[in-house]
Amino acid sequence: MKITVVGTGYVGLVSGACLADVGNDVLCLDVDPNKIRVLEEGGIPIHEPGLLEIVRRNVAAGRLSFTTDVEYAARYGTIQFIAVGTPPDEDGSADLKYVLAAARNIGRHMDGYRVVVDKSTVPVGTGDRVEAVIAEELAARGADIPFAVVSNPEFLKEGAAVEDFMRPDRIIVGADDKRAIDLMRQLYGPFQRSHEKLLVMDVRSAELTKYAANAMLATRISFMNELANLSETLGADIELVRQGIGSDPRIGWHFLYAGCGYGGSCFPKDVKALVRTGRENGHDLLLLNAVESANDAQKLRLVEKIVARFGEDLSGMRFALWGLAFKPNTDDMRDAPSRVILAELFQRGATAVAYDPVAMDEARRIFGDEPRLLYVERPMEAVEGADALVIVTEWKEFRSPDFERIRAALKHPVIFDGRNMYDPAIMREMGVEYHGIGRG
Ligand code: UDX
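Small disclaimer: the values here were computed from a predicted structure and weren't measured.

S.K.: Please clarify how the nonpolar core should be interpreted in this entry.
M.R.: Soluble globular proteins: nonpolar side chains tend toward being buried together. Ile82, Val116, Val150, Phe319, Leu389 and Val390 are the most contacted members of the largest nonpolar core, which totals 124 residues. Phe319 has contacts with Leu345, Ala350, Ala352, Ala386, Asp387, Ala388 and Val390, leaving out every residue within four places of it along the chain.

In structure tokens form, the structure reads like this:
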């Protein structure tokens, strides 16, 4: 099949590369010539395990190509994926200008039947707006060309996006056009060989499904974070409570890890957007409001612990910070807890020496030449001479460090662990003062 993917960000590039990998001809369009140049030179503009190899393999095979030419792109694929960003505007609602611009370009230049697929996370009702914009463009040039709009939300986790695309739990297709549904079935055939994973529903339900999934997961995390904070006061250990409830199949094991708050490009944005949609439609989503404010508070939790230990005034102190990315296996720092923590430390007069296996370039971009933030190439260098160690991201390489060395290198043998990576009993034995989340 011939496919166009509009947007070579995270979702677009992963989708385009994986669709090419099963034999389709895929053209990826981006308005940013820099991104296209990077791709044409054999690189990728994001960090995602396994993606570079797939992109290179399919470019070499002639199945994957890139362009900035909107007209060529609109004429290329029978299926046109829209996978552009929907950044939150000031009031928290998703900004649809890129989605609608992509739709407009398709309407302006398409020359035959098109299935226009919304992959971006968009508010319920966007499918109708995309349809209206395309119809408007067709009418403006007096063209009578059939098309269908489909909602096909992505459920890709950063760091595991290729795997998630190749082996999806489910494929949601929101559509009411039979021809479009058949094409989507054919397109996703190679990704559901073991059993049927494609769920067909109406466009609005598909759009809401995406928000519902992310909001549910965010709710679980905020719930566990609240219980973790309570555990500290009660003298309970949230890790044991997690195991105690996760073994109930009705609850399950996933997304029950307490920590220093969720970040990333999806949960914070999607929860906000859903709250906003609720408000616009006369529903105050009380639970989701609380999920969001609990998460904002949780990002301050480590700093509260630091202040409780060392006092409000941290001037002259230096903290080792392990992890900048919002989670492991990505360099993404969007809404990352590390940003809040660093800002709070600086405000109280402290400095930080940070280490992250991949996100340090991103941090340099975000913090510019911030003099209070230094970077080192090895985790142990950060610890050397620091007052205490703060762990923000659970990278695998932090799982089993040399605690003897850490204790000797720190001015105070104190670890603030926002990801509960270590066993408090072992830390006690090692003579490390250990502050986890909810390890009462
Ligand atoms: C998420 C969804 O999982 C994915 O399906 C959707 O398409 C996009 O949003 P992503 O943002 O990449 O994916 O990361 P995810 O692994 O879900 O983690 C989100 C945040 O929650 C991270 O900050 C993570 O540290 C935090 N988290 C996750 C917890 O604090 N506790 C948990 O138990 C799980």
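Read on, since the account is not over.
S.K.: When you look at the site of the ligand in this model, what are you seeing that I'm missing?
M.R.: Lining the immediate environment of the ligand, one finds 19 residues, of which Glu158, Tyr257, Tyr262, Gly264 and Cys266 sit closest. In terms of residue class, the shell around the ligand is made up of eleven nonpolar, four polar and four charged. In terms of domain composition, the shell around the ligand takes at least three residues from each of domain 1 (2-201) and domain 2 (211-297).

S.K.: Just checking my understanding: could you explain unusual backbone geometry for this structure?
M.R.: With phi around 65 degrees, Asn329 is a residue other than glycine that occupies positive phi space. Overall, the presence of 19 C-beta atoms within 10 Å leaves Asn329 in the partly exposed class. In this structure, Asn420 takes a positive phi of about 45 degrees despite not being glycine. When you line up the elements, Asn420 lands in the loop between β13 (414-417) and α18 (424-429). Note on Asn420: 23 C-beta atoms within 10 Å, which makes it buried.

S.K.: Where do I start with the domain arrangement of the protein chain in this structure?
M.R.: Often the size quoted for an interface is simply the accessible area lost on bringing the parts together. Domains assigned within the protein chain are domain 1 (2-201), domain 2 (211-297) and domain 3 (299-435). Centre-to-centre, using C-alpha coordinates, domain 2 lies 24 Å away from domain 3. Contacts between the two partners involve twelve residues from domain 2, matched on the other side by 15 residues from domain 3.

S.K.: Where do I start with the sheet that holds β13 in this structure?
M.R.: Paired through their backbone hydrogen bonds, the strands of a sheet run either parallel or antiparallel. Read across the sheet, six strands follow the order β11-β10-β9-β12-β13-β14 without closing on themselves; strand pairing throughout is parallel. The open sheet has two edge strands with one neighbour each: β11 (373-375) and β14 (433-435). This sheet shows a mean twist of 20 degrees between the axes of neighbouring strands, independent of strand direction. Note: strand β9 (residues 318-322) against strand β10 (residues 351-355), five bridges, orientation parallel.

Reading guide: rules and limits
- Residues numbered from 1 in each chain as written.
- Predicted model: local features only at pLDDT ≥ 70, side-chain atom pairs only at ≥ 80, totals over all residues.
- Core = buried A, V, L, I, M, F, W, Y, C linked by C-beta atoms within 7 Å.
- Buried ≥ 20, exposed ≤ 12 C-beta atoms within 10 Å, placed from the backbone.
- Contact = placed C-beta atoms within 7 Å.
- Near = placed C-beta within 6 Å.
- Nonpolar A, V, L, I, M, F, W, Y, C, P; charged D, E, K, R; others polar.
- Domains from an automatic or database assignment.
- Helix = DSSP H or I, 4+ residues; strand = E, 2+ residues; numbered from the N terminus.
- Pairing = 2+ DSSP bridges.
- Axes fitted to C-alpha atoms, helices over the stretch in contact; angles between N-to-C directions.

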